[in-house]
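Spelled out, the chains give:
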Amino acid sequence: MTNVEETIREAGPRILVFSTDISGPGIDFAGSLHLHYSPEVDVISMPCTSGIKPAWVLHALQRGFDGVFIAADGEECAYLPDCAQRASRIAADAQALLTQNGYEPQRLKMAAICSVCAEHFIRYMHDFSATLAELGSTGSG
Amino acid sequence: MSEERRIGVYVCHCGGNISDYVDVAQVIGAVEDEPGVVVARAAMFTCSDATQQEIIDDIREQELDGMVVASCSPSLHTETFREVARRAGLNPYEYTQVNIREQCSWAHTDDREGATRKAIRLVRAGIARTRLSAPLEPVTVETVPKTLVVGGGVAGLRAAFGLAEIGLEVFLVEREAELGGQVGNLGAIYPHGNDGRALIARLTRAVGERPNITVFTRAELVEKSGSFGNYQATVRVGGEPGERIQIDVGSIVVATGFDSYEPEAGELGYGIEGVLTLPEFEQLLNQDGALTFNGKPVESIAYVYCVGSRQPGGHEYCSRYCCSTAVHDSLRVAEHSPDVRQYHLHRDMRTYGKNELLYSESRERGSLYIRFADGEPPAVEKLPDGRLRVTVRDLLTEGEELAIESDLLVLVTGMVPRQNEELTGVLKLPVGKDGFFNEIHPKLRPVETVVDGVLIAGACQGPKSASESVTSALAAVSQSAAILKKGSAELDPLVATVDPEKCSWCGTCQEACPYDAIGRLALNGKQVAAVEAAVCKGCGGCVPVCAEEAIDLQGYTDAQVRAMIDGLLQEVAR
Ligand SMILES: Cc1cc2nc3c(=O)[nH]c(=O)nc-3n(C[C@H](O)[C@H](O)[C@H](O)COP(=O)(O)OP(=O)(O)OC[C@H]3O[C@@H](n4cnc5c(N)ncnc54)[C@H](O)[C@@H]3O)c2cc1C
């Protein structure tokens, strides 16, 4: 492994978070309160959970993320009343896709994060980092 | 394609909010040679006028066709920088905001190296997205020229009147049987000693005379549906089950106020006869003539400040109004009963702004101000003759213990957030750590919430005086006007699009859209899906259901998301 890779592996599992119009402010709020979580967590924001493609989750793992966390709208979605059901479908499809490609389905985690759920988010990041550390790196390339 | 782009990248120090925790120079160094980047610069404050002008100059001189600003949350400055792009002649949708403050520097204040590495990744992802951005034109939606005001205190009343004056139709919903809120119970109020009840009576009359204001008392907002510019609100009138009324409105102003802090039994003698909260004392002062309590003339009064405010572990904030109110009260007492002795026991006096003059006047009229230490509140006991003894260590005489005998003790109580779970649930209002409603940004967007078209005003947002409450009410009025007066609002063109080459019409996307934004179109001899941009809400719900991968959400296209993921992982890519 190169030095860069070593540093990164030491820093902990790499997590991609998909946030939404609802959960994005919740994640911002965690920062505003200076609550800490792993800097290996990167966020890509989308308007709504229902617009996330399962193929993106697979792409992220294939490219080197150790896990993907969908910070979902839950029941609060301003766009779609059935957003929670749609999101469950997307997550299930994505997990099936991961399994087909030889990745553990636990590498995808989804939970609702509300616009002020700063502490929830932190807790999920800690727990998910621990889960992924146990699973080990995707060792991708 | 990427070689053809000309992108400018601007990384903000945000004073030190970013640069104290992220090595900005290292970020610039890591991204300046990315494909497509022609300018990469740091700035102390990218949002400052000077830097905005520099960016505009760059866009023009370097013929930039894309722009990335790495600074605070997109919820704060996306519009600022879209405007910068517009002014320079760059399509505003060729710009990407990268959040390296809330989602990087502030979240990793303990790890400069980690935060710097992350900032580099995030900026790379932003550049990757911008390389694939396209110029877009805004979508226009019709807005309903009506506003619902929730809460009929001084803020709600003034907002209702202001909205009506600019020609909007207003529905004012007040939970109690009477309008007026807290000010409706007050006598002379600071700064000018006007009568609170008279002020409310005047406002209520003005509201009543407006044909375009409908007032519902004993009423509450129980449901809200619809979307920005056109909400359907359900108001329940006359308690449970009551009558339910449906109203269409373009915006909602929440002005539900505060509650007064209720001391615990025994807290600073609360419960002993003669120990009063500030609202109770206000009621006593509304009597005519010389001040009496329980039929006996009052000869001396002690005040203890910051009760329920500035309490570590409890209500930690300053309630703003209470110092000025208590000082003003002491002047009212001095006016009617000049011989009453008055002792003010405080941790700090915060008669800010012009109210400082009230404080000076109160001292000139004989009030004594005694400062005690934070952790050493006065002790209160009842004397056999029915009077009170308040014992306090005076900080200025190096902790000398003073015993003050008084007829009354006023606990200068602060403001606490009002219990309003049902409303919070219906409107999805963000509640801050202190329990008050949260604005998007205290300086830049002080009355807007994360819910588009739902505004907050008055003391529901945090402690405010009556005049501060009215100021914010008027801000909510002008913000509503900005949304509703034109009859239409411009919406992000970040909507779904269909690639007719890939689409073979199966109807799945149409079923997935509850807004009926997707129709069927005959094109080049085949049936394809087509999105109506003004109806599309831009959620992307149709994107993953398309088996042909023919649908993309503008700004979040398949190619852009994949490129962002690749950008985030560039350092380990091989
Ligand atoms: C003892 C005391 C003395 C004061 N003295 C002064 C002074 O001298 N000078 C000064 O500037 N300020 C003074 N203030 C502060 C002043 O009272 C506030 O600034 C002001 O009341 C804030 O107005 P508001 O409309 O935001 O809230 P409020 O006055 O609290 O009004 C809110 C209204 O909303 C209604 N409501 C709440 N929830 C709902 C719901 N879910 N649905 C419908 N309606 C709802 C309430 O019934 C109420 O009528 C004093 C306050 C107190 C307590």
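Residues numbered from 1 in each chain as written. Chains lettered and ligands numbered in written order. Predicted model: local features only at pLDDT ≥ 70, side-chain atom pairs only at ≥ 80, totals over all residues. Heavy atoms only, no water.

S.K.: Could you clarify how one ought to interpret the overall build of chain B in this entry?
M.R.: The helix and strand tally for chain B stands at 14 helices and 32 strands. Each principal axis of the C-alpha atoms in chain B carries an extent, and together these give about 100 × 55 × 40 Å. With 574 residues in all, chain B has 55% of them scored as buried. In chain B, 67% of the contacts between residues at least 6 apart in sequence involve partners at least 24 apart. Positive and negative side-chain charges in chain B, numbering 55 and 82 respectively, have mean positions lying 1 Å apart. (Helix = DSSP H or I, 4+ residues; strand = E, 2+ residues; numbered from the N terminus. Buried < 20%, exposed > 50% of the residue type's maximum accessible area, 1.4 Å probe, protein only. Contact = heavy atoms within 4.5 Å. Lys, Arg positive; Asp, Glu negative; His and termini not counted. Charge placed at Lys NZ, Arg CZ, Asp CG, Glu CD.)

S.K.: In this structure, what is going on with the environment of V24 of chain B? I would like to understand it.
M.R.: Residue and element names in this part refer to chain B. Here V24 is to be found in helix 1 (residues 24–31). Spatially, the C-alpha atom of V24 lies 8.6 Å from that of A119, the residues being 95 residues apart in sequence. Discounting chain neighbours no more than four positions away, the residues touching V24 are V11, C12, H13, I18, S19 and A42.

S.K.: What am I meant to see in the interface of chain B and chain A here?
M.R.: Reports often express the size of an interface as the amount of accessible area lost when the parts come together. Contacts between chain B and chain A engage 50 residues on the former and 54 residues on the latter. A buried area of about 4300 Å², summed over both sides, lies between chain B and chain A, and 59% of it is on carbon and sulfur atoms. Joining chain B to chain A, the criterion identifies 6 salt bridges. A salt bridge links R121 of chain B to E40 of chain A; its shortest N-O distance comes to 3.7 Å. Taken together, the links from chain B to chain A amount to 18 residue pairs in polar contact (both at pLDDT 80 or more). Contributing elements (two or more residues each) for the side of chain B that touches chain A: helix 4 (101–105), helix 5 (112–131) and helix 14 (558–568) of chain B. (Buried area = accessible area lost by both parts, 1.4 Å probe. Salt bridge = Lys/Arg side-chain N within 4 Å of Asp/Glu carboxyl O. Polar contact = N/O pair within 3.5 Å; in protein donor to acceptor, adjacent residues only side chain to side chain.)

S.K.: What's the story with the environment of T138 of chain A in this structure? I'm lost.
M.R.: Residue and element names in this part refer to chain A. Mapped onto the elements, T138 comes out in the segment after helix 5 (118–135). For T138, a relative accessible area of 16% puts it in the buried group. Sequence separation of T138 and L61 is 77 residues, and the distance between their C-alpha atoms is 7.1 Å. With sequence-adjacent residues up to four places away left out, T138 is seen in contact with L61, G64, F65, D66, Y103 and R107. Among the polar contacts made by the side chain of T138, one reaches the main-chain carbonyl oxygen of F65 at a distance of 3.4 Å.

S.K.: Got a minute to help me understand unusual backbone geometry in this structure?
M.R.: The bulk of non-glycine residues show a negative phi, and the bulk of peptide bonds are trans. Between Y190 of chain B and P191 of chain B the backbone carries a cis peptide bond, its omega angle lying at 0°. Note that P191 of chain B resides in the loop between strand 8 (188–189) and strand 9 (194–195). That bond from E240 of chain B to P241 of chain B is cis: its omega, -5°, falls within 30 degrees of zero. Counting through the fold element by element, P241 of chain B comes out in the loop between strand 12 (230–237) and strand 13 (243–249). Phi is positive for H34 of chain A, close to 55°, though the residue is something other than glycine. Its location among the elements puts H34 of chain A in the loop between helix 2 (23–32) and strand 2 (41–45). The backbone of E549 of chain B shows a phi angle near 50°, a positive value even though the residue is not glycine. Within the secondary structure, E549 of chain B is located in the loop between strand 31 (526–531) and strand 32 (551–553).

S.K.: Before we go on, may I ask you to explain the packing of aromatic side chains in this structure?
M.R.: What describes a pair of aromatic rings is the distance from one ring centre to the other and the angle between the planes of the rings. Evaluated as defined, the whole model comprises 10 aromatic pairs over all chains. Where Y359 of chain B meets Y369 of chain B, the ring centres are 4.8 Å apart and the plane angle is 85°; that geometry is what we call edge-to-face. Of this pair, Y359 of chain B sits in helix 10 (residues 356–364) while Y369 of chain B sits in strand 21 (residues 368–371); the two residues are 10 residues apart in sequence, bridging distant segments of the chain. Side by side, Y359 of chain B and Y369 of chain B carry an identical accessibility label, which is buried. Put simply, the rings of Y37, F69, F121, Y124 and F128 of chain A pair up and form one aromatic cluster. The ring of Y556 of chain B carries R129 of chain B above its face, with NZ or CZ at 5.8 Å from the centroid. Over the ring of Y359 of chain B we find R363 of chain B, and its NZ or CZ is 4.9 Å from the ring centre. (Phe/Tyr/Trp six-rings, centres within 6.5 Å; stacked < 30°, edge-to-face > 60°. Lys NZ or Arg CZ within 6 Å of the ring centre and 35° of its normal.)

S.K.: I'm lost on the domain arrangement of chain B in this one. Help?
M.R.: Per the domain assignment, the segments of chain B are domain 1 (2–136), domain 2 (146–257 + 418–489), domain 3 (261–413) and domain 4 (496–554). Placing the centre of domain 1 of chain B and that of domain 4 of chain B at their C-alpha centroids yields a distance of 33 Å. (Domains from an automatic or database assignment.)

S.K.: What is the right way to look at helix 8 (residues 278–285) of chain B in this model?
M.R.: Turn by turn, an α-helix covers 3.6 residues, leaving residues three or four places apart pointing in a common direction. Residues and elements named next belong to chain B. Listed in full, the buried residues belonging to helix 8 are L278, F281, E282, L284 and L285. All buried residues of helix 8 fall inside an arc of 160° around its axis, so they share one side. Lining the buried residues of helix 8 we find strand 16 (275–277), strand 17 (292–293), strand 19 (300–307), helix 9 (321–336) and strand 25 (408–413). (Arc of directions from axis to C-beta.)

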